[in-house]
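An overview of the molecular structure
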Amino acid sequence: MERVAVIDFETTGLSPGHGDRATEIAAVLVEDGKVVARYQSLMNAGMRIPAFITGLTGISDAMVRSAPPAAKVMREVANFVGDTPLVAHNASFDKKFWDAELALIERVRAQEFACSMLVARRLFPQAPSHKLGVLIEFTSLPVAGAYHRALADAEMAASLLVRMEAEICRRYQVADVTHALLRDIQGRPKHALDDCLERYQQTRT
DNA sequence: TGCCAGGCCCTCTTTAGGGCCTT
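Read on for an overview of the structure. Only a predicted model underlies this, so the values are computations on that prediction, with no experimental measurement involved.

1. So, the packing of aromatic side chains
- Tallied over the entire structure, the rule returns 5 aromatic pairs.
- Measuring from centroid to centroid gives 6.2 Å for Phe9 and Phe97, while their planes differ by 45 degrees, and the two rings are tilted. One end of the pair, Phe9, is in strand S1 (residues 4-11); the other, Phe97, is in helix H4 (residues 91-104), and 88 residues separate them in sequence.
- Given the relative accessible area of 3%, Phe9 is considered buried.

So this is what it looks like as structure tokens:
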């Protein structure tokens, strides 16, 4: 697969449209099934962190207060990933924050997102749930660190992605899985996975 | 003061409702 960047945000809440901001970002570059580079930073957006979020993530007001400004971190991580295609677990969430935080530094996203959760729902419909942690356990992948910290979650989403690529190659006898194919799979009705991959096979032979 | 997401996907559907998933 071509190089992709798997990203994960920790935030003060669920919606940048209602004033929520990022508190931490991680991005890992995945190439040939391996993580080849990592970026991770807490970021200070000047927001109080709700107690519930501190309980969930372990990220406190004190940690964020001593972190670099959000604008500096977003410039760094945007430069780090460049125009590499993006992947996130439940990408609709990370896409909202990526676009919102970039807009604050007057930058615009240059690439598409693919969603590891939507692909997993199609590839592993029998999984007990499609939360990242459950899928890591379901696929017997190693836990990379504390859940709900950006780098650990990005690393685990990356390993899940690599596992799913291998599964697609094995199950459908294709040699390569592109970012475009992931987006094709996630955009199709769940029952149409076989149809999608059959057509992909035809384009590669 | 108190409110507060939204896209996906199933079904007892499509003139809708509710669970899942992210923090």
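2. What to know about the protein's contact with DNA strand B
- Taken together, 27 residues are adjacent to DNA strand B, and Glu10, His18, Arg122, His130 and Leu132 come closest.
- Of what DNA strand B places within 4 Å of the protein, 68% of the atoms are sugar or phosphate.
- Here Glu10 contributes a side-chain N or O atom positioned 2.8 Å from a sugar or linking oxygen of DNA strand B.
- Interatomic distance of 3.4 Å between a side-chain N/O atom of Arg121 and a base oxygen of DNA strand B.
- Listed by contribution, the elements that provide at least two residues to the surface near DNA strand B are S1, helix H1 (51-57), H4 and helix H5 (116-123).
- Its residues placed into classes, the surface near DNA strand B shows 9 nonpolar, 10 polar and 8 charged.

3. What to know about the pattern of salt bridges
- In the structure shown here, the tally under the stated rule is 9 salt bridges.
- Salt bridges sharing partners connect three or more residues here, namely Glu167, Arg170 and Arg171.

4. Re the packing of helix H3 (residues 70-81) against H4
- One way to put it is that H3 packs onto H4 with a least axis distance of 9 Å and a crossing angle of 115 degrees. Relative to H4, the element H3 is oriented roughly perpendicular. When the axes of H3 and H4 are compared, the crossing they make is left-handed. Together, Ala70, Met74, Val77, Ala78 and Val81 of H3 and Trp98, Glu101 and Leu102 of H4 make up the contact between the two elements.
- Of the residues in the contact of H3 with H4, the class split is 7 nonpolar, no polar and 1 charged.

5. What to know about the nonpolar core
- Residues Val6, Ile168, Leu182 and Ile185 are the most contacted members of the largest nonpolar core, which totals 37 residues.
- For this core, the secondary structure elements donating two or more residues are S1, strand S2 (22-31), H5, helix H6 (132-138), helix H7 (150-172), helix H8 (179-186) and helix H9 (193-204).
- Tallying contributions element by element places H7 first for this core, with 11 residues.
- If sequence neighbours within four positions are ignored, Leu182 has contacts with Met1, Ala114, Val119, Leu161, Ile168 and Val177.
- The next biggest cluster of nonpolar side chains, apart from the first, holds 26 residues, and it includes Val73, Val81, Trp98 and Leu102.

6. Some remarks on the sheet that holds strand S3 (residues 34-42)
- In spatial order, the strands read S3-S2-S1-S4-S5; together these 5 strands make up an open sheet with mixed pairing. On the outer flanks of this sheet lie S3 and strand S5 (113-115), each paired with one strand and no other. With direction set aside, neighbouring strand axes in the sheet form an average angle of 25 degrees.
- Packed on one face of the sheet, H5 meets strand S4 (86-88) and S5 and runs near 35 degrees to S5.
- Packed on one face of the sheet, H8 meets S1, S4 and S5 and runs near 55 degrees to S5.

Conventions we followed
Residues numbered from 1 in each chain as written. Chains lettered and ligands numbered in written order. Predicted model: local features only at pLDDT ≥ 70, side-chain atom pairs only at ≥ 80, totals over all residues. Heavy atoms only, no water. Phe/Tyr/Trp six-rings, centres within 6.5 Å; stacked < 30°, edge-to-face > 60°. Helix = DSSP H or I, 4+ residues; strand = E, 2+ residues; numbered from the N terminus. Buried < 20%, exposed > 50% of the residue type's maximum accessible area, 1.4 Å probe, protein only. Near = heavy atom within 4 Å. Polar contact = N/O pair within 3.5 Å; in protein donor to acceptor, adjacent residues only side chain to side chain. Nonpolar A, V, L, I, M, F, W, Y, C, P; charged D, E, K, R; others polar. Salt bridge = Lys/Arg side-chain N within 4 Å of Asp/Glu carboxyl O. Axes fitted to C-alpha atoms, helices over the stretch in contact; angles between N-to-C directions. Parallel < 35°, antiparallel > 145°, perpendicular 65-115°, else oblique. Left-handed = near helix turned anticlockwise from the far one by under 90°. Contact = heavy atoms within 4.5 Å. Core = buried A, V, L, I, M, F, W, Y, C linked by side-chain atoms within 4.5 Å. Pairing = 2+ DSSP bridges.

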